[in-house]
Amino acid sequence: MAAPTVFALVLSSRIILGRTSLFLSAPKRVLVVGTGSTGISAVREILVRPELNLRVEGFLDERGENIGKSLVNPGIIGGVKEVESIAHARGIDRIIISLTERRGNMPVSQLLHLKFAGVEVEDSHCFIEKVTGRIHLEHLSPSWLILSDGFGKSAFLYAAKRSIDIIVALVALVFALPLWFWWRQRSG
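The rules we used
Residues numbered from 1 in each chain as written. Predicted model: local features only at pLDDT ≥ 70, side-chain atom pairs only at ≥ 80, totals over all residues. Heavy atoms only, no water. Core = buried A, V, L, I, M, F, W, Y, C linked by side-chain atoms within 4.5 Å. Buried < 20%, exposed > 50% of the residue type's maximum accessible area, 1.4 Å probe, protein only. Helix = DSSP H or I, 4+ residues; strand = E, 2+ residues; numbered from the N terminus. Contact = heavy atoms within 4.5 Å. Arc of directions from axis to C-beta. Polar contact = N/O pair within 3.5 Å; in protein donor to acceptor, adjacent residues only side chain to side chain. pLDDT = per-residue confidence, 0-100. Axes fitted to C-alpha atoms, helices over the stretch in contact; angles between N-to-C directions. Parallel < 35°, antiparallel > 145°, perpendicular 65-115°, else oblique. Pairing = 2+ DSSP bridges. Salt bridge = Lys/Arg side-chain N within 4 Å of Asp/Glu carboxyl O.

Observations concerning the nonpolar core
Within soluble globular proteins, side chains that are nonpolar generally end up buried alongside one another. Counting residues in each nonpolar core, the largest one holds 15 residues, and the members touching the most others are L31, V33, L60, V83 and I95. Sorting elements by how many residues they give to this core places helix α3 (residues 83-90) first, with 3 residues. Each residue touching I95, except ones within four places of it in the same chain, is listed here: L31, V33, V83, L111, L114, V119, E120, V121 and E122. Among the nonpolar cores identified, the runner-up in size contains 14 residues, and V30, V43, L54 and F59 belong to it.

As structure tokens, then:
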């Protein structure tokens, strides 16, 4: 009886919140630096997931040559070298980096200024992993593996995992002891 009730409540709340947007703030503005395939995939994920509350302002081309060209829904609105001025002009909240070649193309100082100003800056691979819970292996680069924070675990996580392992083992032992005694008496 509880399962259908919970299902109905969750479904109705999602429908109500999706239709009315009563509790949602203004969507965060996203700018994609580069025109790489992972950036295009990230924008596609944003477009099919309105619950993320993100609005893509556009892409920045590596060379600044294809301004006005449409990639997914938003098009190319400028060059990578203009990232700081475009971000300030459009009130960007998050920048997703999707450069096909980072060497010589990454506007490091401008991205640092934006990050210090409170703009979130993240790699397109990390963004896709956060949103979908999957890693796009076809676009994976060695630099992503090196820069990823998924390999390190804190001492707290190790301690918590070990504690849970010990507790589960003790509970299993307590439940198994009567069966073991019964089996020993029966076979002995």
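Now that the structure is up, let's keep going.
Examining helix α5 (residues 124-132)
When α5 is considered as a whole, its buried residues turn out to be S124, H125, F127, I128, V131 and T132. Viewed end-on, α5 has its buried residues packed into an arc of 160°, placing them on one side of the element. Structurally, the start of α5 carries an N-cap: the backbone nitrogen of H125 is 3.1 Å from a side-chain oxygen of D123. Immediately beyond the C-terminal end of α5, within one or two residues, lies G133, with a positive phi of roughly 80°.

Some thoughts on the confidence of the model for the chain
Summing up the model confidence of the chain, the mean pLDDT is 82 and the portion of residues at 70 or higher is 84%. Mean pLDDT values over the elements of the chain span from 62, in helix α6 (residues 142-147), up to 92, in strand β4 (residues 94-97).

What about unusual backbone geometry?
A negative phi angle is the norm for most residues apart from glycine, just as the trans form is the norm for most peptide bonds. The phi dihedral of N53 is positive, around 60°, even though this residue is not glycine. Looking at where N53 falls in the secondary structure, it is placed in the loop between α2 (37-48) and β2 (54-61).

Things to note about the packing of α3 against helix α4 (residues 108-116)
α4 packs onto α3 with a crossing angle of 30° between their chain directions and a minimal axis gap of 9 Å. Here α3 is positioned roughly parallel relative to α4, judged by the angle of their axes. For the pair α3 and α4, the contacting residues are V83, E84, A87 and H88 in the first and Q110, L111, H113 and L114 in the second.

Considering the environment of E129
By the element assignment, E129 lies in helix α5. By relative accessible area, E129 is classed as partly exposed at 29%. Taking the C-alpha atoms as reference points, E129 and A42, 87 residues apart in sequence, are found 9.5 Å from one another.

Notes on the sheet that holds strand β5 (residues 120-123)
Here we have 5 strands laid out as an open sheet, ordered β3-β2-β1-β4-β5, and parallel in their pairing. Bordering the open sheet on either side are β3 (76-79) and β5, each of which pairs with just one other strand. Strand-to-strand, the axes of this sheet are offset by a mean angle of 30°, without reference to chain direction. On the sheet, α5 packs against β2, β4 and β5 and is oriented at approximately 90° with respect to β5.

Considerations on the pattern of salt bridges
On inspection of all chains with the given rule, the structure shows 9 salt bridges. Taking the shortest distance from any N to any O, the salt bridge between E57 and R90 comes out at 3.2 Å. On the criterion of sequence distance, the pair formed by E57 in strand β2 and R90 in helix α3 is long-range, its members being 33 residues apart. With relative accessibility at 10%, the residue E57 sits in the buried group. In this structure R90 comes out as partly exposed when scored by relative accessible area, which is 34%. Note that K161 is salt-bridged to D165, the shortest N-O span being 3.1 Å. Residue K161 and its partner D165 are both found in helix α7 (residues 155-187); the two are separated by 4 residues, about one turn of the helix.

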